[in-house]
Amino acid sequence: MYQEKLKVDWITIWLYLAIMLFGWLNIYSAGYNAEHTSLFDFSVQHGKQFVWIVAALVLAVVITFTEPRVFSNTAYPIYIIVMGLLIITLFLAVTVNGGKSWIDLGFFRFQPSEFAKFATALAVAKYMSTIGIDMRDMRTKLVAAALIAIPAALILLQHDTGSALVFVGFIFPLYREGLSGNFLIIGVAAIALFVLALLVNKYILLGILLAMGLFYLFAWLNKRTSRDYWHVAAVFACCAMFIFSVDFIFNNVLEPHQRGRIDVLLGKTEDLQGSGYNVNQSKIAIGSGGIIGKGFLRGTLTKADFVPEQETDFIFCTVGEEWGFLGSSILVALYIFLLIRLVDMAERQRSPFSRIYGYSVASILFIHLFVNVGMVLGLVPVIGIPLPFFSYGGSSLLAFTILLFIFIRQDASKNQLL
Amino acid sequence: MSNQYADRSHVVKIIFIVIGVLFIGRLAILQLFNSEYREKGEQQSLRNVTQYPARGFIYDRHGELLVHNEAVYDLMVIPRMVKDLDTNYFCQCLGITRADFDDRMQKARKYSPYSASIFMKQVSKEEYAKFENKMFRFKGFYISQRTLRIYDRPIAAQVLGYVGEVDQADLDRDPYYKRGDYIGKSGLEKSYEEVLRGIKGKKVMHVDVHNREIGPYRNGALDTMPVEGCNLYTTLDADLQTYAEELMANKRGCVVAIEPSTGEILAMVSAPTYDPNLLVGRIRGKNYIMLNSDISKPMLNRALIGQYPPGSIFKVAQSMVALDLGVINPGSGFVCDKSLVGCHNHPSARSVQEAIKMSCNPYFYQVYRRVVQQGKYRNIYKDAQYGLTVWHDYMLRFGFGQKIDIDLPKSGMSSGNIPDTAFYNRWYGKERWAFSTIYSNSIGQGEVTVVPIQMANLAAIVANRGYYVTPHMVRFYGPDSIQNEEYHKRHETGVKREYFDIAAAGMYDVVHVAGGTARRARVDGLDICGKTGTAENYGNDHSVFICFAPKDNPKIAMAVYVENAQGGGGTWAAPIAGLLVEKYLNGEVKRKDVEKQYKEINPCQKLPLTRRVKKAKKRG
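Heads up: these notes are all about the structure in this document.

About the thresholds
- Residues numbered from 1 in each chain as written.
- Chains lettered and ligands numbered in written order.
- Predicted model: local features only at pLDDT ≥ 70, side-chain atom pairs only at ≥ 80, totals over all residues.
- Heavy atoms only, no water.
- Helix = DSSP H or I, 4+ residues; strand = E, 2+ residues; numbered from the N terminus.
- Buried < 20%, exposed > 50% of the residue type's maximum accessible area, 1.4 Å probe, protein only.
- Areas by Shrake-Rupley, 256 points an atom, 1.4 Å probe, with all protein chains shown as cover.
- Contact = heavy atoms within 4.5 Å.
- Buried area = accessible area lost by both parts, 1.4 Å probe.
- Salt bridge = Lys/Arg side-chain N within 4 Å of Asp/Glu carboxyl O.
- Polar contact = N/O pair within 3.5 Å; in protein donor to acceptor, adjacent residues only side chain to side chain.
- Nonpolar A, V, L, I, M, F, W, Y, C, P; charged D, E, K, R; others polar.
- Pairing = 2+ DSSP bridges.
- Axes fitted to C-alpha atoms, helices over the stretch in contact; angles between N-to-C directions.
- Expected span 1.5 Å × (residues − 1).
- Core = buried A, V, L, I, M, F, W, Y, C linked by side-chain atoms within 4.5 Å.
- Phe/Tyr/Trp six-rings, centres within 6.5 Å; stacked < 30°, edge-to-face > 60°.
- Lys NZ or Arg CZ within 6 Å of the ring centre and 35° of its normal.
- Parallel < 35°, antiparallel > 145°, perpendicular 65-115°, else oblique.
- Left-handed = near helix turned anticlockwise from the far one by under 90°.

Moving on: the overall build of chain B. In terms of helices and strands, chain B carries 22 helices and 18 strands. Every one of the 620 residues in chain B was classed for burial, and the buried ones make up 54%. Looking at chain B as shown, the accessible area adds up to about 27400 Å², and 49% of this sits on carbon and sulfur atoms.

Following this line, the structure appears as structure tokens:
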């Protein structure tokens, strides 16, 4: 049946390859020293990453030649297996950087949370594409939420806030499938209120909200019904409760290092040797790049270990320092281009499964990009999360490759009738 | 339901694009519009390692090395890198106590735990040798080499000056200096600082987060080599200087010896002096405090900063002015009338030459009266104003009343005082003064003050018969033998040569003829011409003597001041000058007994002389 020529989306593949190879160059540069100049020295990170890239490409080819139905049919079993792995991880994990998300297989350390992303994407796509599903049903919402929340919760238990946060991205496919836009607005409003509540006097904030509510009621609406009054009152009450619970959340739910990172981001403290060190160094490294950067292998700050985690979560610093504004904007543009390409591809799918899965892929990549680059640029609190296809790390590269190529495979056979 | 919400893809895409634009905007702010991060980046990843040039050497006029450098070692520490240190052993090697160690480490840590600071300053070569081969055991410590001044002959301390760490004023004035640099603080070290210091070089090193040097930045493309300081070839005669300092031991005062034809200073002594090696290295701070608080002010160069009444020596200049103005002639005689001004017992002078020889006070009272009251105006007050102005102009041409333009720091110099009409108008009121008010100037007392170097310069003027070359310390410097053209110019007094011949003859008589006041300065075979002076003072008078020799074609001119000496100029200053001239012209002093006597005796005690010299007022 699939003897017909595969029509893979070469634009996506070229973007994938470009980002991955550029990432590898930067890993090479970040770890560069005069003793290990060989590109293929497998004792150092860029050498190992090369092995992972080869493995990822093999995996990509394998997926491309796999019958696409395999993935939709095995979505739930894969999901269940990965959830099982996450639970096992809680007991077997070795501690790396304060997180307990790694399983040591001896030859290779493996991070199940990376694979939870595509497993969840498959399961959500599978569930949402079930015939007769309507996003407006409460039951649908709850089941979808549970599918997403279970891995997120398990990952949170591993103290890997960053990876757990990625699951917020599933709001985009759900939105596309009919979830009310209010959820997006509420989400954004909650973040905004949280930040404002930490920065501004709470009563002033409440006063402003009250003024906005009154403006809405009496200046915006031409006709007012009692329902409108109730709505505004309810929204206002929720906001007030949220604002007054912010302190509690901040002080009791968040961990001290997270509080510190938020304080630094909001400019409330300038702890350059402590919580603020990473971001400050990262901003210095990027800022020192200028327009065209210092040139490949010429970065002085990243090479001198000023920036911590420079091969993994802070790899973007190396780009900023060595390739300058031009290089880093091009990289950001490549990512945005890839994301938009994925959305467009998702929209051209005939099967809802492929479409939802495509949206999930774009959303997961987007959250990674947003959090990682935002963190490095000092726009988002420091949350350890890799830059897709770019950061050093086998688990994440393989997991992202699987995530992406399952979708490319689905897209290649989109014209096959189900 | 499939495409019911297809429009929502636009919302999603717009969100993606907005975030992309936000990031690129943020990148633009960080990388294009905000230089703060770029500068910080430079600061922390590159370290400029200064390459200190060797400071120039200082030589005497015969090429003898006076000042050179010695390597010392600063022991540096980067507190964060100190690991597994056997503290007791370390302290033992350095010869410090545990408490001292903790103190120093605390200071270093306070400065910065990550960057290098000086743990122990200026460890000598010998001390360093003791633990040099153990340095590998002291992780976090390293040695930085510097140079210190070293003086083989402990002479001319005030002239050579000293070198010290820059202070805030230096840093503000000249961006060349960085904290911890050395700079000339006084003497030649200060006035020739820019010649001696050379040009610092720098190595740009790439450092890592622990401030460890990773390697040269851009393979040393930005590095510069240090340029060594230029050597100074001074006019000093080290042997004469040494001898003069020996003679001035146990005394306060100064000696300035000049080669008249060139203005080159052969010796400049300020007593008491000190060993310049005291102000070098780690002992500097302690010694500086000691020297600075000494009431006899050994750090001041009395030859340049001391202001004294000129005393009788001034009479030589007065007679030249009067002769040049034509108010007297060489044969003018004045009766020694002690009712005008006190004098000692001597026959009345019948000529200028005799007057100089006998240093007759009433004679010069008359001379000065004729200079000040020339009779140009009926009103004696106006007449005195005119006369004083004329006289003041002459005095400036003789080099008085202004700082001599010598190549030593101006801050350590005085100008002396030659009063002008404005001075007296301020003091007494306009037209409220005339000769009778200011006659004390005639014999070098009153409001006139001079600086010893100006007096030596006066001797040089007479020696040259009417001109001087600005006294200076440096003949030339650097590999290109650079000279200061200013120091080749003649400054004419405008007084005729024949009048100076009379002054020279008078000064010859002072030393050689019976009735002269400085017979003790006489050295057989050397035609020393001199003039004594006694500068009145609150304590004992200062003993002053100027001279030049030989009479014709003089090779040396000199002023000698001995402060608070019992007896006049002839008693102390003259014989010391005689010994110095003998030393300079003959190469050695034959009169060992005289030499011994003046080396050892403190002039504040009574002189062991056969004839006790009675202190006589106004006696030259």
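Each helix and strand in chain A was counted, giving 16 helices and three strands. Here chain A, with 418 residues, has 55% of them falling under the buried criterion. For chain A, restricting intrachain contacts to residue pairs at least 6 apart in sequence, the fraction spanning at least 24 positions comes to 71%. Counting every atom, chain A has about 18600 Å² of accessible surface; 69% of that belongs to carbon and sulfur.

Let us now look at the interface of chain A and chain B. With 54 residues of chain A at the contact, the number on the chain B side is 39 residues. Counting each side, the surface lost to burial between chain A and chain B is near 4000 Å², with a carbon and sulfur contribution of 71%. Where chain A touches chain B, the interface holds one salt bridge. The partner of B:Lys13 in a salt bridge is A:Asp344, with the nearest N and O atoms 2.6 Å apart. If you look at where chain A meets chain B, you find eight residue pairs in polar contact (both at pLDDT 80 or more). For the side of chain A that touches chain B, the elements supplying multiple residues, two or more each, are α8 (171-176), α13 (277-287), α14 (315-347) and α15 (352-376) of chain A. Per-element tally for the side of chain A that touches chain B: the top contributor is α14(A), with 13 residues. Across the side of chain A that touches chain B, the residue classes break down as 27 nonpolar, 18 polar and nine charged.

Bringing the sheet that holds strand β17 (residues 542-549) of chain B into the picture now. Residue and element names in this part refer to chain B. One open sheet holds the five strands; their spatial order is β12-β11-β18-β17-β16, and the pairing between them is antiparallel. The open sheet terminates on both sides in strands that have one partner only, identified here as β12 (264-271) and β16 (529-535). Here the average twist between neighbouring strands, direction ignored, is 10°. Where strand β11 (residues 253-259) and β12 come together, seven bridges link them in antiparallel fashion. Within β12, the position partnered with Val256 by the bridge is Met268. Against the sheet, helix α10 (residues 238-247) makes contact with β11, β12 and β18 (556-562), and its axis sits at roughly 25° relative to β12, the strand it touches most.

Time to look at helix α20 (residues 497-512) of chain B. Along an α-helix, residues three or four apart share an orientation, since each turn contains 3.6 residues. All names here are of chain B. In a regular helix each residue adds 1.5 Å, so 16 residues correspond to 22 Å; α20 covers 22 Å between its end C-alpha atoms and thus fits that length. Along α20, twelve of the 16 residues are buried, which leaves the element largely enclosed by surrounding structure. All buried positions along α20 are accounted for by Tyr499, Phe500, Ile502, Ala503, Ala504, Ala505, Gly506, Met507, Asp509, Val510, Val511 and His512. On its buried face, α20 sits against α13 (314-325), α14 (352-358), α19 (452-463), β16 and β17.

So, about the pattern of salt bridges. Residues and elements named next belong to chain A. Taken as a whole and judged by the stated rule, the model has 38 salt bridges over all chains. Residues Glu114 and Lys117 are paired through a salt bridge, measuring 2.8 Å at the closest nitrogen-oxygen approach. Here Glu114 and its partner Lys117 are both found in helix α5 (residues 112-128), three residues apart, which amounts to about one turn of the helix. By relative accessible area, Glu114 is classed as buried at 4%.

Moving on, we come to the nonpolar core. B:Met268, B:Trp391, B:Phe398, B:Phe400, B:Ile406, B:Met473 and B:Met558 are the most contacted members of the largest nonpolar core, which has 141 residues in total. With near-sequence residues (within four places) excluded, B:Met268 lies in contact with B:Val159, B:Leu236, B:Gln241, B:Val255, B:Val256, B:Asn301, B:Ala303, B:Leu304, B:Ile406, B:Leu408, B:Ile453 and B:Met473.

Centre distance and the angle of the planes are the two values used to describe a pair of aromatic rings. Residue and element names in this part refer to chain B. Summed over all chains, the structure comprises 51 aromatic pairs over all chains. On the basis of an interplanar angle of 70° and a centroid distance of 5.6 Å, the ring pair of Phe314 and Phe400 is categorised as edge-to-face. Taken as a pair, Phe314 in helix α13 and Phe400 in the loop between α16 (380-397) and α17 (421-428) lie far apart in primary sequence, 86 residues in all. Of the residues examined, Phe400 reaches a relative accessible area of 0% and is grouped as buried. Following the ring pairs from residue to residue traces out a cluster consisting of Phe314, Tyr365, Tyr368, Trp391, Phe400, Phe435 and Tyr439. One residue, Arg284, lies across the ring of Tyr288, its end atom 6.0 Å from the ring centre. The positively charged end of Arg490 is found above the aromatic ring belonging to Tyr467, 3.8 Å away from the centroid.

Turning our attention to the packing of α13(B) against α16(B). Residue and element names in this part refer to chain B. Their axes nearest at 11 Å, the elements α13 and α16 cross at an angle of 120°. Comparing the axis directions of α13 and α16 gives the class oblique. As for how α13 packs across α16, the hand of that crossing is right-handed. In this structure, α13 uses Phe314, Ala317, Gln318, Val321, Asp324 and Leu325 to contact α16, whose residues at the interface are Val390, Trp391, Tyr394 and Met395. Its residues assigned to classes, the contact of α13 with α16 comprises eight nonpolar, one polar and one charged.

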